[in-house]
Amino acid sequence: MDRTDMIHRMYDIKGPLVAKKFEARGFEATYCPTVEEALKKAVSYIPETDVVSWGGSASINEIGLRPYVLEHNPVIDRDSAKTPEERVELMRKALLCDTFIMGTNAAIQDGQLINIDGNGNRVAALCYGPKQVIVIVGMNKVVPTVEIGIERAHTVASPKNIGRFPNAGTPCAKTGMCAHCTNQESICAQVVRTRVCKPQGRIKVILVGEDLGF
């Protein structure tokens, strides 16, 4: 058994156990060993009449979910905006969509989510607004404690994510390392810990037995 097979085997053991921890906190949670199964599960949650939007996420692209809803659902797509003002307005409208899809920066093995955000639109939608939220979680993001999850969000996810903004003036854009800055361009302005899903079942967590996202 090579290293990749060993990692996937451990994901297959751990994933269902972590899903049960999320269920105990009111989330609807499931473990899917492959991206194909994860996409099928995610799609099963989304009626074709649902208006769908999303926050910045590599994971929803990597399993094919964002391309799927672009083809099959009415969407609110901030990237379709012609001006910065229109982009902001689309981000505001997304807070009242039917289904919001996103990744996460870290998942705690006791069933909590850690998310870090610059503008706050993604974590705002997670907390309140859309009728349901579907969170795609690669097993590489599952960590033992809240403290490690927050550290992962700052030191792993954000320095990689800043690559989406080539002209960013943050320290991590220049060094690849988090400086816990207070720069106005910081993509770490908001840190949200979701420890209970309210109302029950609103947030659907799909754990995937692959390495996804940042």
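The structure contained in this document is the topic of the report that follows. Remember, it's a predicted structure, so these values are computed and weren't measured experimentally.

Residues apart from glycine generally show negative phi values, whereas peptide bonds are mostly found in trans. The omega torsion of the bond from K198 to P199 falls at -5°, within 30 degrees of zero and hence cis. Relative to the elements of secondary structure, P199 occurs in the loop between strand 8 (190-194) and strand 9 (203-208). For H180, which is not glycine, the phi torsion reads 50° and is therefore positive. Considering the arrangement of structural elements, one finds H180 in the loop between helix 8 (171-175) and strand 8.

Within the secondary structure, D50 sits in the loop between helix 2 (35-44) and strand 2 (52-54). Looking at D50, the relative accessible area reads 12%, which means it is buried. In the structure, D50 is positioned 118 residues away from A168 in sequence and 34 Å away in space, judged by C-alpha atoms. Excluding anything up to four places from it in sequence, D50 contacts N73, P74, D98, T99 and Q132.

One number sums up the size of the largest pocket: a volume of about 730 Å³. Together, 37 residues line the largest pocket, and G56, R78, N161, R164 and F165 are the ones closest to its centre.

What follows is about the packing of aromatic side chains. Evaluated as defined, the whole model comprises one aromatic pair. Between the aromatic rings of F22 and F27, the centroid separation amounts to 5.1 Å while the plane-to-plane angle is 90°, which identifies the pairing as edge-to-face. The ring of Y45 has K204 lying over it, and the distance from NZ or CZ to the ring centre is 5.8 Å.

For the rest of this paragraph, the subject is the sheet that holds strand 1 (residues 28-32). If you trace the five strands from one edge of the open sheet to the other, you get 1-9-6-3-2, paired in parallel fashion. Because the sheet does not close on itself, it has two edges, and the strands there are strand 1 and strand 2. For this sheet the average axis-to-axis angle between neighbouring strands, irrespective of direction, equals 20°. The sheet contact formed by strand 1 and strand 9 spans five bridges and is parallel. Looking at strand 9, one finds that A29 is bridged to V205. Docked against the sheet, helix 4 (residues 65-72) engages strand 2, strand 3 (99-102) and strand 6 (132-138), running at close to 150° with respect to strand 2.

Pairing is mixed across the open sheet formed by four strands, whose spatial order is 7-4-5-8. With one partner strand each, in any of the chains shown, strand 7 (142-143) and strand 8 form the two edges of the open sheet. The sheet contact formed by strand 4 (residues 106-108) and strand 7 spans two bridges and is parallel. Directly across from I108, in strand 7, lies its bridge partner V143. Packing of helix 7 (residues 146-161) onto the sheet brings it into contact with strand 4, strand 5 (112-117), strand 7 and strand 8, and relative to strand 5 it is tilted by some 35°.

This part takes up the pairing of strand 5. A regular strand places its side chains on the two faces of the sheet in alternate fashion. Most of strand 5 sits out of view: six of its six residues are buried. Residues Q112, I114 and I116 of strand 5 are buried on one face, and the alternating residues L113, N115 and D117, pointing to the opposite face, are buried as well. Pairing geometry for strand 4 and strand 5, over three bridges, is antiparallel. Each bridged residue has a counterpart across the sheet, and for A107 the counterpart in strand 5 is L113. Linking two consecutive strands that pair antiparallel, namely strand 4 and strand 5, is a turn of three residues; a positive phi of about 100° is found at G111 within it.

What counts and what doesn't
- Residues numbered from 1 in each chain as written.
- Predicted model: local features only at pLDDT ≥ 70, side-chain atom pairs only at ≥ 80, totals over all residues.
- Heavy atoms only, no water.
- Helix = DSSP H or I, 4+ residues; strand = E, 2+ residues; numbered from the N terminus.
- Buried < 20%, exposed > 50% of the residue type's maximum accessible area, 1.4 Å probe, protein only.
- Contact = heavy atoms within 4.5 Å.
- 1 Å grid on protein atoms, 1.4 Å probe; cavity = no way out; pocket = protein on both sides within 12 Å on 5 of 7 lines; lining within 4 Å.
- Points joined across faces, edges and corners; volume = space filled by probe spheres on them.
- Phe/Tyr/Trp six-rings, centres within 6.5 Å; stacked < 30°, edge-to-face > 60°.
- Lys NZ or Arg CZ within 6 Å of the ring centre and 35° of its normal.
- Pairing = 2+ DSSP bridges.
- Axes fitted to C-alpha atoms, helices over the stretch in contact; angles between N-to-C directions.

On their own, these measurements won't tell you what the molecule is for.
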